Amino acid sequence: MEKILILSTGKYPNGDAGAIRQHAFAKLFDLCGYSPFVIGLGESTGFEYKEYDGVSYTSFRAKNNSILNRILNRLFFKVRLKKFLKNNTGFSKIMVVSIPQNTLFYLKRYAKKKAIQLIHDSVEWYSPEEYSLGIFSPSYIVNNAYNTKWIDNRFKVIAISNYLQKLYLSRKNDTIRIPVIMDVHSMSYKKQVNVDKLVLVYAGAVGRKDYLREIIEGLSLLETEELKKVELRIFGVNDNQMKCDVGVHDHTVRKLSSSLKCYGRVSRDEVLSNLKEADFTVLLRSPRQRYAKAGFPTKVVESLASATPVILNLTSDLGDYLNDMENSIVVADCTAESLCKALRKAIRLKPEERQNMQFNARKTAERYFDYRNYIDDIKLILN
């Protein structure tokens, strides 16, 4: 059996959206007859080899998680990879997500010498507007270099969106498109909703990607009687961050005191547990900024897989999969006023209409976002 290595600085196996995707690819490679091994920067394994859901992996993260060690984890990624490859030969293919520059350049030389096929999983292209330093932000510079310089014609590319697929096809890379994928069939979709109250869920970190302030302000535009029928649960943001970082005014918070609950950072399992009780998740993103065109929100797919339709504006390739009042409620634009209109549509839904949308959401996830659906596609890259 041929061996394939997956390399990332993400928190594999269960730390972030990237880890979910990398695990799905590992399972997909296994279905195609390859033996996968994953290297990431997840919780320390003491540099020993572990197994997660049938997939072998290790972490290049040191046990001590001090700031210094977090820096050293990246500085020594290349050294640790060289040692790993010396002790583990026989990989015919290596998939790179995002690794330090010096490691990437070393890997290209190593792959050429050993006749190893390189694959790049392209999942994002940042926008300067996401960062306070704009185009001078180190994260932006590195990500931009990946998409414009460092991934050369030696790489075959898996693009998460049509936007990134077109980019790499224009650069003459063999490229296929695979959206967010995960093990949909293993995810619970049993609902425990309250027919008398509309429960909404938002999950995300404080940042510039999601228009969380507009979501909260849109909720505040509802009339008092309407607000009594709605509850918005926010995960990843606490009360202080909502005011200081998101910029929600005190009078808005006071008005929403009985309709808005902030839980701060929680585990992915806790978010998934709350999705059982949710009628909808909510997401607003800029349709103009590059990050939204190039990426694909994992949280939308997780929501659909849990039989929870989404209230959102259409970015990336979401319009290929979501239809208004079928498996989602489409918001016209990223404004509080437009979101408020969408919320009123949701409030007016009859219980059987909500159930029908939940059914459609789950079927959408099964049809488009389970990793098993992409065996033929991935074979085009592997072969």
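For the structure itself, consult the block above.
The structure contained in this document is the topic of the report that follows. The shown structure was predicted, so the numbers you read here are calculated from the model rather than taken from an experiment.

## Some thoughts on unusual backbone geometry
1) Next: For the bond running from Y12 to P13, omega is 10°, close enough to zero to count as cis.
2) Next: Mapped onto the secondary structure, P13 falls in the loop between β1 (2–7) and α1 (17–31).
3) Next: Notably, A307 is not glycine yet its phi reads approximately 65°, a positive angle.
4) Next: Of note, A307 is situated in the loop between α13 (298–305) and β13 (310–312).
5) Next: For A307, a relative accessible area of 4% gives the class buried.
6) Next: Even without being glycine, S316 reaches a positive phi, approximately 50°.

## Here we look at the layout of surface pockets
Using a probe with the size of a water molecule, rolled over the atoms, empty space left in the structure can be pinpointed.
1) Next: Size it by volume and the second largest pocket reaches roughly 360 Å³.
2) Next: P13, I20, H23, Y52 and R268 are the residues nearest the centre of the second largest pocket, which is lined by 17 residues in total.
3) Next: Breaking the lining of the second largest pocket down by element, the ones donating at least two residues are α1 and α11 (268–275).
4) Next: Here the residues of the lining of the second largest pocket sort into 8 nonpolar, 4 polar and 5 charged.

## Section: the packing of aromatic side chains
1) Next: Under the defined criterion, the tally for this structure stands at 19 aromatic pairs.
2) Next: A centroid spacing of 5.1 Å and a plane angle of 70° characterise the contact between F60 and F77, whose relative ring orientation is edge-to-face. Of this pair, F60 sits in the loop between β4 (55–59) and α2 (67–75) while F77 sits in helix α3 (residues 77–87), and the two are 17 residues apart along the sequence.
3) Next: Classification of F60 by relative accessible area gives buried; the value is 4%.
4) Next: On the basis of relative accessibility, which here comes to 0%, the residue F77 falls in the buried class.
5) Next: One aromatic cluster is present, built from ring pairs that chain together F37, Y49, F84 and F91.
6) Next: Here the guanidinium or amino end of K3 rests over the ring plane of F91, the centre of that ring lying 4.6 Å away.

Parameters and conventions
Counting restarts for each chain, with residues numbered from 1 along the sequence as it is written. Only residues with pLDDT of at least 70 are given local features in this predicted model, and only at 80 or more are side-chain atom pairs given and counted; all residues enter the totals for whole chains, interfaces and linings. Side-chain measures here rest on the full set of heavy atoms in the structure, leaving out hydrogens and waters. The helix count covers DSSP runs of H or I at least four residues long, the strand count covers runs of E at least two residues long, and both are numbered beginning at the N terminus. Only protein chains enter the accessibility calculation, which uses a 1.4 Å probe; a residue whose area is less than 20% of its type maximum is buried, one above 50% is exposed, and one in between is partly exposed. As defined here, a cavity is a set of points on a 1 Å grid over the protein atoms alone where a 1.4 Å probe fits but cannot get out. A pocket is an open set with protein on both sides within 12 Å along at least five of seven lines, and residues line them when an atom is within 4 Å of a point. Grid points are joined across faces, edges and corners, and a volume is the space filled by probe spheres set on the points. Lys, Arg, Asp and Glu make up the charged group, whereas Ala, Val, Leu, Ile, Met, Phe, Trp, Tyr, Cys and Pro make up the nonpolar group; the residues left over, Gly among them, are polar. Between the rings of Phe, Tyr and Trp (Trp by its six-membered ring), a pair exists once the centres lie within 6.5 Å; its type follows the angle of the planes, with under 30 degrees stacked, over 60 edge-to-face, and the other angles tilted. Either the NZ atom of lysine or the CZ atom of arginine qualifies as a charge over a ring when it sits within 6 Å of the ring centre and within 35 degrees of the ring normal.

Spatial relationships are all this shows, so hold off on functional conclusions.
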